[in-house]
Amino acid sequence: MAETARHPSESRYGNRPTMKDVAARAGVGLKTVSRVVNSEPGVTPDTERRVHEAIDALGFRRNDSARVLRKGRTASIGLVLEDLADPFYGPLSRAVEEVARAHGALLINGSSAEDPEREQELVLALCARRVDGLIVIPAGDDHRYLEPEMKAGIATVFVDRPAGRVDADMVLSDSFGGARAGVAHLVAHGHRRIGFIGDQPRIHTATERLRGYHAALTDAGITVEDSWVSLGPTDPARVRAAAEAMLAGPEPVTALFAGNNRVTVTAVRVLAECDRRIALVGFDDIELADLLGITVISQDAATVGRTAAEHLFRRLDGAAHPPVRVELPTRLVPRGSGEIPPA
């Protein structure tokens, strides 16, 4: 996208086609376009066809908030999270909001609940309300549905996980390196049988952290047994069952690596009921982890959010460089649970 000069009175946010553009391309009046867009009667089939062709060619999307802020329009940014209740997204969302506020923009956020269809519905609903930019934590792995919106001028940055099948800016944490460091830490404290409990395998961060787990054990010359690894939903019942299975039998694991904060919380509860001390390292910090002595791989959610928002506003201000991938480092925080030696 080439940078273009702006008229002094023109908003610096976005340059998307309007109904006037559609009318000019189709060779019809503005009222005719309005009737077609709003599915109103009084338009001939041939005229309706020409209007739809113009809409498709221009990438026009109806502005559902057109009656609001017609003058002195305030820019708005959409933030699509995985789960509003997840503590990781609290500081991330606050950091995005701080950057948006500094640029005079409003933040609108919502949750996909890890459902790709819900993600798409939410993203397109935000586009229909004419947000100027999007920050998306992807639930799905195919984001081609966003191509028309991006071509129409909606700046988009993906966070925590890469976009699927589209080229876009992304800001990630080093999931592979963090997991590798966490498992290597357990190995350094004498553990040879280490369990891994992670999120669903279709999720990028889950597979990257599993890859880091395998790399650390390979580095140590340890062959991973199938029974040591469990991927799936992170609800407490599933995680508990996985942990209890790994801790049972004649050759149980002596340590656990938890693939995210939700897994860590359930693992802490399971280990509190165990009749022997089991080492634990979790990916992501959790509330009271310092008081509970939980060793974690910490990723700075606020820095992730701030970096993503800053990239988004650079795009909105006209930056036209190719899509960038930013990978932020993680940090091992030893607090006791990851330093327990094998029983």
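Computed from a predicted model, the values in this text were never measured in an experiment.

(A) Broad picture of the pattern of salt bridges. By the definition in use, this model includes 20 salt bridges. With a shortest N-O distance of 3.2 Å, Arg161 and Glu82 are connected by a salt bridge. With a gap of 79 residues between them, Arg161 in the loop between strand 4 (155–159) and strand 5 (169–173) and Glu82 in the loop between strand 1 (75–81) and helix 4 (89–102) connect regions that are remote in the sequence. Side by side, Arg161 and Glu82 carry an identical accessibility label, which is buried. Here Arg262 and Asp86 are joined by a salt bridge, their closest N and O atoms 2.4 Å apart. Note that Arg262 is positioned in helix 10 (residues 261–272) and Asp86 in the loop between strand 1 and helix 4, a separation of 176 residues in sequence. By relative accessible area, Arg262 is classed as partly exposed at 22%. Residue class for Asp86 comes out buried when judged on its relative accessible area of 6%. Via salt bridges that share partners, Glu82, Asp86, Glu114, Asp160, Arg161, Asp199 and Arg262 belong to a single interconnected network.

(B) Structural view of the domain arrangement of the protein. Taken domain by domain, the protein comprises domain 1 (8–62), domain 2 (74–173 + 301–328) and domain 3 (175–299 + 332–339). One C-alpha centre belongs to domain 1, the other to domain 2, and the line joining them spans 27 Å. The interface is formed by 9 residues belonging to domain 1 together with 15 residues belonging to domain 2. When domain 1 packs against domain 2, close to 1,200 Å² is buried across both sides, 41% of that on carbon and sulfur atoms. For the pair domain 1 and domain 2, the number of links is 0 salt bridges.

(C) Region of the structure containing the sheet that holds strand 2 (residues 105–111). Taking strand neighbours across the sheet as the criterion, the 6 strands line up as 2-1-3-4-5-11 in an open arrangement whose pairing is parallel. Every other strand in the sheet has two partners, leaving strand 2 and strand 11 (325–328) as the edge strands with one partner each. Adjacent strand axes in the sheet meet at a mean angle of 15 degrees, parallel and antiparallel pairs treated alike. In terms of strand pairing, strand 3 (residues 133–136) meets strand 4 through 4 bridges, oriented parallel. Each bridged residue has a counterpart across the sheet, and for Leu134 the counterpart in strand 4 is Thr156.

(D) Molecular detail of the pairing of strand 1. Burial within strand 1 is extensive, with 7 of its 7 residues counted as buried. Across the two faces of strand 1 the burial is the same, with Ala75, Ile77, Leu79 and Leu81 and Ser76, Gly78 and Val80 all buried. Bridge count between strand 1 and strand 2: 7 bridges; the pairing is parallel. Note on strand 2: the bridge partner recorded for Leu81 is Ser111. With respect to chirality, the unit in which strand 1 leads through helix 4 into the neighbouring parallel strand 2 is right-handed. Alignment of strand 1 against strand 3, held across 4 bridges, turns out to be parallel. Counterpart to Gly78 in the pairing with strand 3 is Leu134.

(E) Structural detail: the sheet that holds strand 8 (residues 255–258). In space, the 6 strands of this open sheet follow the order 7-6-8-9-10-12, with mixed pairing throughout. Of all strands in the sheet, those with a lone pairing partner are strand 7 (229–231) and strand 12 (331–333), marking the two edges. Pairwise comparison of adjacent strand axes, ignoring direction, gives a mean angle of 15 degrees for this sheet. Docked against the sheet, helix 8 (residues 204–219) engages strand 6 (194–198), strand 7 and strand 9 (279–283), running at close to 170 degrees with respect to strand 6. The strands touched by helix 10 within the sheet are strand 6, strand 8 and strand 9, with strand 9 carrying the most contacts at an inclination of about 160 degrees.

(F) Focus on the packing of helix 7 (residues 175–188) against helix 8. It is the contact of helix 7 with helix 8, at a shortest axis distance of 7 Å, that shows an interaxial angle of 40 degrees. Classified by the interaxial angle, the pair formed by helix 7 and helix 8 is oblique. Like other packed secondary-structure pairs, helix 7 and helix 8 cross with a definite hand, here right-handed. Residues Ser175, Phe176, Ala179, Arg180, Val183, Ala184 and Val187 of helix 7 lie in contact with helix 8, whose contacting residues are Thr205, Glu208, Arg209, Arg211, Gly212, Tyr213, Ala215, Ala216, Leu217 and Asp219. Across the contact of helix 7 with helix 8, the residue classes break down as 9 nonpolar, 3 polar and 5 charged.

(G) How the structure looks around helix 4. Taking 1.5 Å per residue, 14 residues should reach 20 Å; helix 4 reaches 20 Å between its end C-alpha atoms and fits that length. Along helix 4, the positions that sit buried rather than exposed are Tyr89, Leu92, Ser93, Ala95, Val96, Val99 and Ala100. Looking down the long axis of helix 4, one finds its buried residues gathered within 160 degrees of arc, a one-sided arrangement. Facing away from the buried surface of helix 4 by more than 90 degrees, the exposed residues are Glu98, Arg101 and Ala102. Immediately downstream of helix 4, the backbone of Gly104 shows phi near 70 degrees, a positive value.

Quick notes on the rules
- Residues numbered from 1 in each chain as written.
- Predicted model: local features only at pLDDT ≥ 70, side-chain atom pairs only at ≥ 80, totals over all residues.
- Heavy atoms only, no water.
- Salt bridge = Lys/Arg side-chain N within 4 Å of Asp/Glu carboxyl O.
- Helix = DSSP H or I, 4+ residues; strand = E, 2+ residues; numbered from the N terminus.
- Buried < 20%, exposed > 50% of the residue type's maximum accessible area, 1.4 Å probe, protein only.
- Domains from an automatic or database assignment.
- Contact = heavy atoms within 4.5 Å.
- Buried area = accessible area lost by both parts, 1.4 Å probe.
- Pairing = 2+ DSSP bridges.
- Axes fitted to C-alpha atoms, helices over the stretch in contact; angles between N-to-C directions.
- Right-handed = clockwise from strand over helix to strand, strands pointing away.
- Parallel < 35°, antiparallel > 145°, perpendicular 65-115°, else oblique.
- Left-handed = near helix turned anticlockwise from the far one by under 90°.
- Nonpolar A, V, L, I, M, F, W, Y, C, P; charged D, E, K, R; others polar.
- Expected span 1.5 Å × (residues − 1).
- Arc of directions from axis to C-beta.

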